[in-house]
Amino acid sequence: MADIDYEVADHVATIRLNRPRRKNAFTLEMIDTWANALIDAEHDPNIRVVVLTGAGGSFCSGVDLAVLDTIEPTPLGAKNLLTKHVHKVAHAAEALSKPYLAAVSGDAFGAGMDMALLADIRLASESARFSQAYIRVGLVPGDGGCYLLPRLVGTATALQLMWTGKVVGAQEAFSLGLVSAVHPDDQLDEAILALATEIAHQPPVAVQMIKRSAKLGEKHDLRTALDLISSHHAVVMSTEDSREARHALAEKRPAHFVGS
C-alpha cells in the first residue's frame, strides 16, 4: 500500500496518511507526495474541498526520526531538511485557495500537530491527542507551530504548550479552540465528510473568496479589509453561481453551482 492515499469523490479530495505501523510518521517521500497532492487539488477545477486524515487510528506522530539520520550533520543540513523538504507541505497548504479540513484521530504530535494546525478547520475524535512534543527531544517546533498556535489559542497558552510538550486530549483541545468539534471515534470519518460535502456544494468562488478575505484579514486593519472585501464582493456577484444562488432562493429550489 502507498504511504499516502489520494482520492477524489463528489468534489472532495481526501489525503490519507497511510503508515499506521509508525503512527503515520512521515518520510521525505511522503512529504513530496503530500505537497504534490495539495498542489494538484489547487489546480483541479473539479475539487472544491480538501480533507486530510490518517489511517489506523492515528493522525500523524510527526517526522519519522530515521529521517534525521539521513541528513548532513551540520546546521545547514538540519535547516535544509525543513526548508527544502518538510516545509513543502506548509507552503502548499498556505497557497491552497480551497477549504482544507483535518480529521484528527489518535496522536497528532510534534510536526503532526503542526500539520493539523495548517488546516482551516479541524475536527477531532474522542481519542485525539495533541502535543507540541518537540521540547521532549530538545527541539523547537519546526513546521509552523510557533506561528500558527499563538493565533489559535493565544500567546501565553501556546508558549505553555510548546515549553512543556503537554499532551492535550480532545475535549481540552475543543475548549482551547484547537478543534471545532469532537466526535466518537467511529463517527469522525462521517462527520468530516459531511462537513466537506456541505462546503463543496456551496458556490465555489464565494467559498474561496471568503477564505482569502479571512486569511488576509488576519494581517490587515479593518479599513484595508473592507476595501478588499468590496472588490471580492463585486467579483463574486458577477459570477454565474451567484446569480444561480439568488434565483434558486427566490424560486425555492436547490441550487446547482458550476464554479464560475
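Since this is a predicted model, take the numbers as computed values, not measurements.

(A) How the structure looks around the nonpolar core. Among the nonpolar cores identified, the biggest contains 49 residues, and Phe-26, Trp-34, Leu-38, Val-50, Tyr-100, Phe-130 and Leu-149 are the most heavily contacted of them. With seven residues, helix α1 (residues 28–43) is the single largest residue contributor to this core. Setting aside anything within four residues of it in sequence, one finds Val-50 in contact with Ala-13, Ile-15, Leu-38, Ala-41, Leu-96, Pro-99, Tyr-100 and Leu-101. Formed by 14 residues, the second largest nonpolar core is a distinct cluster that contains Ala-181, Leu-188, Ala-191 and Ala-200.

(B) Local environment of the pairing of strand β1 (residues 4–9). Two elements, β1 and strand β2 (residues 12–17), share six bridges in a ladder whose sense is antiparallel. What sits directly across from Tyr-6, in β2, is Ile-15. Hairpin geometry of β1 and β2 is characterised by an intervening segment of two residues between the two adjacent antiparallel strands and by a positive phi of about 55 degrees at Asp-10.

(C) Local environment of the sheet that holds strand β9 (residues 181–183). Pairing is mixed in the open sheet, where six strands are placed in the order β1-β2-β3-β4-β6-β9. Two strands bound the open sheet, and with one partner strand each, they are β1 and β9. When the angles between neighbouring strand axes are averaged without regard to direction, this sheet yields 20 degrees. Relative to β1, α1 is tilted by about 15 degrees, and along the sheet it contacts β1, β2, β3 (49–54) and β4 (100–104).

(D) Geometry of a negative patch on the surface. On the surface, a cluster of negative charge is contributed by Glu-126, Asp-185, Asp-186 and Glu-190. You can call Glu-190 exposed: its relative accessible area is 59%.

(E) Fine view of the packing of aromatic side chains. Summed over the entire model, instances satisfying the criterion amount to one aromatic pair. Look at Phe-26 and Trp-34: their rings are 6.2 Å apart centre to centre, the planes differ by 80 degrees, and that puts the pair in the edge-to-face class. Trp-34 shares its class with Phe-26; the two are buried. A cation over an aromatic ring shows up here: Arg-151 above the ring of Tyr-147, its NZ or CZ 3.6 Å from the ring centre.

(F) Here's a closer look at helix α9 (residues 222–237). The terminal C-alpha atoms of α9 lie 22 Å apart, and with 16 residues this matches the ideal 22 Å at 1.5 Å per residue to within 8%. Measuring from the side-chain oxygen of the N-cap residue of α9 to the backbone nitrogen of Arg-223 gives 3.0 Å; that N-cap residue is Asp-221.

(G) Main features of unusual backbone geometry. Located in the positive-phi region is Lys-23, a residue other than glycine, with phi close to 50 degrees. Inspection of the secondary structure assignment puts Lys-23 in the loop between β2 and α1. Positive phi values are uncommon outside glycine, yet Lys-252 reaches one of about 55 degrees. Its place among the elements puts Lys-252 in the segment after α10 (240–251).

(H) Quick look at the packing of α1 against helix α2 (residues 75–95). Across the interface, α1 lies against α2 with an axial gap of 9 Å and an inter-helix angle of 25 degrees. On the basis of the axis angle, α1 is roughly parallel to α2. At the point where α1 passes α2, the crossing takes the left-handed sense. Residues Leu-28, Ile-31, Asp-32, Trp-34, Ala-35, Leu-38, Ile-39 and Glu-42 of α1 touch α2, and the partners they reach there are Leu-81, His-85, Val-86, Lys-88, Val-89, Ala-92, Ala-93 and Ala-95. Looking at side-chain class alone, the contact of α1 with α2 contains twelve nonpolar, one polar and three charged residues.

(I) Spatial organisation of the environment of Met-209. Tracing the sequence through the fold places Met-209 in helix α8 (residues 204–217). Considered as a pair, Met-209 and Lys-98 are 111 residues apart in the sequence and their alpha carbons are 9.1 Å apart.

Definitions and limits used
Residues numbered from 1 in each chain as written. Predicted model: local features only at pLDDT ≥ 70, side-chain atom pairs only at ≥ 80, totals over all residues. Heavy atoms only, no water. Core = buried A, V, L, I, M, F, W, Y, C linked by side-chain atoms within 4.5 Å. Buried < 20%, exposed > 50% of the residue type's maximum accessible area, 1.4 Å probe, protein only. Helix = DSSP H or I, 4+ residues; strand = E, 2+ residues; numbered from the N terminus. Contact = heavy atoms within 4.5 Å. Pairing = 2+ DSSP bridges. Axes fitted to C-alpha atoms, helices over the stretch in contact; angles between N-to-C directions. Patch = residues over 30% accessible without salt bridge, like charges linked within 9 Å, V, L, I, M, F, W, Y side chains within 5 Å. Areas by Shrake-Rupley, 256 points an atom, 1.4 Å probe, with all protein chains shown as cover. Salt bridge = Lys/Arg side-chain N within 4 Å of Asp/Glu carboxyl O. Lys, Arg positive; Asp, Glu negative; His and termini not counted. Charge placed at Lys NZ, Arg CZ, Asp CG, Glu CD. Phe/Tyr/Trp six-rings, centres within 6.5 Å; stacked < 30°, edge-to-face > 60°. Lys NZ or Arg CZ within 6 Å of the ring centre and 35° of its normal. Expected span 1.5 Å × (residues − 1). Polar contact = N/O pair within 3.5 Å; in protein donor to acceptor, adjacent residues only side chain to side chain. Parallel < 35°, antiparallel > 145°, perpendicular 65-115°, else oblique. Left-handed = near helix turned anticlockwise from the far one by under 90°. Nonpolar A, V, L, I, M, F, W, Y, C, P; charged D, E, K, R; others polar.

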